[in-house]
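Summary of the model geometry
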Amino acid sequence: MLAWAFVSQAAPARPRPSIAITDVTIVDVEQGRLLGPRTVLVDDGRIVAIRMPRDAAIPASAQRVDGRGQFLMPGLVDMHVHLFNLSSRRPPNDWSFPMYVANGVLGVRDMRADAASMLLVGRWRKAVGDGELIAPRILADGIAVHGKSPGDATRQVDAAADAGAEFIKVFSDVPVSHWRAILTAAQSRSLPVVGHVPAGVPLPEAAKAGQRSDEHLMQAYEACSTIEATLLAEREGLDGDALTARSEEQEARTLNAFDPGTCHEVSTQLAATGQVQVPTLVLADEDTLGNGANPGADPRWRYLRADERTRWERFLAGYTAKDAALAKQRWPIARQIVSAMHQAGVTVMAGTDAPMPGVYPGFALLEELQLLVEAGLTPFDVLRSATLEPARFLGIADTSGSVAVGKRADLVLLDADPSKDIGNTRRIRAVVLDGRLLRRADLDALLEQAARSQAPPHQALDRKH
């Protein structure tokens, strides 16, 4: 693994050579069309020209990539990942960086940092820019706020803003009074509030009040049921773990009360507010857990750090038949909710919650794209959910999110058309990360290096010899 320990802050920036991707078909996510053939020129980390091949003037020093029969799209973005383990106090998840890049995930939104973590994020960002670290661009990072009281929540928002947080995150167990104080304080510091809609707040109310995103369809199941008022009344006065436990106890009833008509009405209301949804369907889909009895049988298992493997094994050991039955019940309803929201015009963005157990960084985003197609989005809709829509949401669409002149050269070259079959996003020929070319052999070597780094010493020695 290319760990931070091996990156020198004092090292000079590695130059970005010019790159010419010739005779390639561009996946135009903005217009929902294919453009080709084109020659795309990259210089100093930016796309500087897109021309018909006969009109392209290619510098003699440029790295040439033959794009005939291939498809060029923007780098993918995972809008819900965790790079830090603040609760368990384990080291950061920098072991995941190769897995993201090798799967074309060149940008991430980290969903929970703290003041110390924000300093490390700054160093990671600089190292990527200097060409000293192969990692996805961390497009946004935030700090979670709960507070012991509304006043304390306000103070925590101010502290997060002072620490450099780019958003405030809330969890399901935040009391309503604290949540309202967080919204007010965050607005005064020009920080968006995102995350779980609290378990005591109706989803449309949260959207109207200004919570910018909802993650994991929190409160969407309740809102799309015929018993939302009853469920929320049963949670009234509860806080913290008790509130979370009550909502979990209610899940089967909530799913049984799902109503498509109600869901359509709620989705229409949400669309009018501009709140976005990051459904993380890989969490709702039972198949994500794969072979729970023998997780080591998954070939990707070797990329996980030892402490992460232990965490997954403990989780899977406690996964009950009841959990599996709920997951089986949850998935088709999650799919219907996402379909209703999309049809109503709600913006859906791709995210995974990696590295939750069974959710392999990088790989899981490609699985999420497939699940979004199964939920009724077209391949172009899904591609936008992981490229252009994140750029728009984060306010960086002028420099990211599509293949266009002037934009950052974070690109993925595919062997087949993803607009015909979203599964073709797995057929990666090369990526351009911040203007630096990584061919298929480089990506394979990156993954192999990651696996070797995680192997016990005797196994690493065996491979060496």
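Overview of the structure. None of the values given here were measured: they were computed from a predicted structure.

Some points on the state of the cysteines
Here the structure, examined in full by the defined rule, presents one disulfide. Disulfide pairing is shown between Cys224 and Cys263; the S-S distance is 2.3 Å. Every disulfide takes its handedness from the sign of the S-S torsion; for Cys224 and Cys263 that torsion is 55°, giving right-handed. One end of the pair, Cys224, is in the loop between helix 6 (220-223) and helix 7 (228-235); the other, Cys263, is in helix 10 (residues 260-273), with 39 residues separating them in the sequence.

A closer look at the nonpolar core
Counting 106 residues, the largest nonpolar core has Trp124, Ile168, Ile182 and Ile337 as the members making the most contacts within it. Ranked by the residues each element gives to this core, the list is headed by helix 13 (residues 321-344), at eight residues. If you look at the next biggest cluster of nonpolar residues, it comprises 16 residues, including Val24, Val40, Leu411 and Leu413.

Concerning helix 7
Within the sequence span of helix 7, burial applies to Glu228, Leu231, Leu232 and Arg235. Taken around the axis of helix 7, the buried residues stretch over an arc of 95°, which confines them to a single face. Where the residues of helix 7 are buried, they touch helix 5 (203-209), helix 6, helix 8 (240-249) and helix 9 (251-256). Where helix 7 terminates, the next one or two residues include Gly237, which has phi positive at roughly 85°.

Here's the deal with unusual backbone geometry
Following Gly36, the chain continues into Pro37 via a peptide bond in cis, with omega recorded as -5°. Tracing the chain through its elements places Pro37 in strand 2 (residues 33-43). In this structure, the amide linkage connecting Ala354 to the following residue, Pro355, adopts the cis form with an omega of 5°. A positive phi angle is found at Gln219, which is not glycine, with a value near 70°. Topologically, Gln219 is positioned in the loop between strand 11 (213-215) and helix 6. The buried category is assigned to Gln219, whose relative accessible area is 4%. Notably, Asp353 is not glycine yet its phi reads approximately 70°, a positive angle. Following the sequence through the fold, Asp353 ends up in the loop between helix 13 and helix 14 (363-374).

A few points about the pairing of strand 14 (residues 428-433)
Strand 14 sits mainly inside the fold: five of its six residues count as buried. Alignment of strand 14 against strand 15 (residues 436-439), held across four bridges, turns out to be antiparallel. When the sheet's bridge partners are listed, Leu433 is paired in strand 15 with Arg436. Hairpin remark: strand 14 followed by strand 15, antiparallel, with two residues in the connecting loop; positive phi at Asp434, about 55°.

Here's the deal with the packing of aromatic side chains
Under the definition given, this model contains six aromatic pairs. Between Phe84 and Trp124, the ring centres sit 5.5 Å apart and the planes meet at 20°, which makes this aromatic pair stacked. Residue Phe84 is found in the loop between strand 6 (76-81) and helix 1 (97-102), and its partner Trp124 is found in helix 2 (residues 115-129); the two are separated by 40 residues along the sequence. The same class applies to Phe84 as to Trp124, namely buried. Judged by centre distance (5.0 Å) and plane angle (85°), the ring pair of Phe97 and Trp124 falls under edge-to-face. In this pair, Phe97 sits in helix 1 while Trp124 sits in helix 2, placing the two residues 27 residues apart along the sequence. For the residue pair Phe97 and Trp124, the accessibility class agrees, reading buried in each case. Each residue in the set Phe84, Phe97 and Trp124 is aromatic and connected to the rest through ring pairs, giving one cluster.

Observations concerning the packing of helix 10 against helix 13
Running from N to C, helix 10 and helix 13 cross one another at 45°; their axes reach a closest spacing of 8 Å. With respect to helix 13, the element helix 10 is oriented oblique. Viewed along their axes, helix 10 and helix 13 form a crossing whose handedness is right-handed. Residue-level contacts link Pro260, Cys263, Ser267, Thr268, Leu270 and Ala271 of helix 10 to Gln336, Ile337, Ala340, Met341 and Ala344 of helix 13.

Rules and cut-offs
Residues numbered from 1 in each chain as written. Predicted model: local features only at pLDDT ≥ 70, side-chain atom pairs only at ≥ 80, totals over all residues. Heavy atoms only, no water. Disulfide = S-S within 2.5 Å. Helix = DSSP H or I, 4+ residues; strand = E, 2+ residues; numbered from the N terminus. Core = buried A, V, L, I, M, F, W, Y, C linked by side-chain atoms within 4.5 Å. Buried < 20%, exposed > 50% of the residue type's maximum accessible area, 1.4 Å probe, protein only. Arc of directions from axis to C-beta. Contact = heavy atoms within 4.5 Å. Pairing = 2+ DSSP bridges. Phe/Tyr/Trp six-rings, centres within 6.5 Å; stacked < 30°, edge-to-face > 60°. Axes fitted to C-alpha atoms, helices over the stretch in contact; angles between N-to-C directions. Parallel < 35°, antiparallel > 145°, perpendicular 65-115°, else oblique. Left-handed = near helix turned anticlockwise from the far one by under 90°.

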